[in-house]
Amino acid sequence: YIVYGPAGKTFQNSFPSKEYSSYLEYYATKYCVDVDPLGEMFSARRMFDFPQSFSCLLNLSDSAPKEHATVEIARELCTGAEIDDPFIMLHLVLLPQILYHIDRHLTAM
């Protein structure tokens, strides 16, 4: 996941579905993670969903790029790995996506 920053929510906020009453209950039940009830949640998005527009740029898909929703995750589930060089970030995120779409296009022929 790529974490963008605080989501403006705490774990005491109500959970979007009726299955759980709060994010605190959700993390305790589903992941067995004890979190601080007043702790901040962070807005994040899956790293491999980041550049979905490549299929349109390479004409590998007729559909428009999809908007992927962000998720709120606990600080306890995050680890920091700062990448100072944008060139490395480009290789880490974009190159696997390009290779995946090219491979998918070539195997579909």
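Our structure is the block above this text.
Conventions we followed
Residues numbered from 1 in each chain as written. Predicted model: local features only at pLDDT ≥ 70, side-chain atom pairs only at ≥ 80, totals over all residues. Heavy atoms only, no water. Helix = DSSP H or I, 4+ residues; strand = E, 2+ residues; numbered from the N terminus. Buried < 20%, exposed > 50% of the residue type's maximum accessible area, 1.4 Å probe, protein only. Contact = heavy atoms within 4.5 Å. Areas by Shrake-Rupley, 256 points an atom, 1.4 Å probe, with all protein chains shown as cover. Patch = residues over 30% accessible without salt bridge, like charges linked within 9 Å, V, L, I, M, F, W, Y side chains within 5 Å. Salt bridge = Lys/Arg side-chain N within 4 Å of Asp/Glu carboxyl O. Arc of directions from axis to C-beta. Phe/Tyr/Trp six-rings, centres within 6.5 Å; stacked < 30°, edge-to-face > 60°. Core = buried A, V, L, I, M, F, W, Y, C linked by side-chain atoms within 4.5 Å.

Here's the deal with the overall build of the protein
A count of helical and extended segments in the protein gives three helices and three strands. Its helices and strands taken in sequence order, the protein reads β-α-β-α-β-α from the N to the C terminus. Counting only residues that meet the buried cut, the protein has 24% of its 109 residues in that class. Intrachain contacts of the protein at a sequence separation of at least 6 include 70% that bridge at least 24 residues. For the protein, the exposed surface amounts to about 7,900 Å²; the carbon and sulfur share of it is 56%.

Section: a nonpolar patch on the surface
A surface patch of nonpolar side chains, about 340 Å² in accessible area, is lined by Ile102, Leu106 and Met109. Among the structural elements, Ile102 can be located in helix H3 (residues 86–108).

Section: the side chain of Ser43
Relative to the helices and strands, Ser43 resides in strand E2 (residues 40–45). If near-sequence neighbours (up to four positions away) are discounted, Ser43 is found in contact with Ile2, Val3, Tyr4, Gly5, Pro6, Ala7, Thr70 and Val71.

Some thoughts on the pattern of salt bridges
Going through the model one piece at a time under the given rule, you end up with one salt bridge. The residue Lys9 makes a salt bridge to Glu72 at a minimum N-O spacing of 3.7 Å. Taken together, the residues Lys9 in strand E1 (residues 2–10) and Glu72 in strand E3 (residues 71–74) connect sequence positions 63 residues apart.

Observations concerning helix H1 (residues 23–30)
Considered for burial, the residues of H1 that qualify are Tyr23, Tyr26 and Tyr27. All buried residues of H1 project into a common sector of 90° when viewed along the axis, lining one side. Tucked into the core, H1 has its buried residues touching E1, E2 and E3. Phi turns positive, to about 55°, at Cys32, one or two residues after H1.

Here's the deal with the packing of aromatic side chains
Within the structure shown, the criterion is met by eight aromatic pairs. Here the aromatic rings of Phe11 and Tyr27 are separated by 5.7 Å at their centres, their planes lie at 85°, and the arrangement is edge-to-face. Highlighted residues: Phe11 in the loop between E1 and H1 and Tyr27 in helix H1, separated in sequence by 16 residues. When the centroid spacing of 5.1 Å and the interplanar angle of 75° are considered together, the rings of Tyr20 and Tyr26 count as edge-to-face. Neither residue differs from the other here; Tyr20 and Tyr26 are each classed as buried.

Overview of the nonpolar core
The biggest cluster of nonpolar side chains holds 13 residues, and the ones touching the most others in it are Phe11 and Tyr27. Within the residue set of this core, elements represented by two or more residues are H1, E2 and E3. In this view, Phe11 contacts Ser22, Tyr23, Leu24, Tyr27, Val35, Asp36, Pro37, Gly39, Glu40, Met41 and Ala74; residues no more than four positions away in its chain are not counted.

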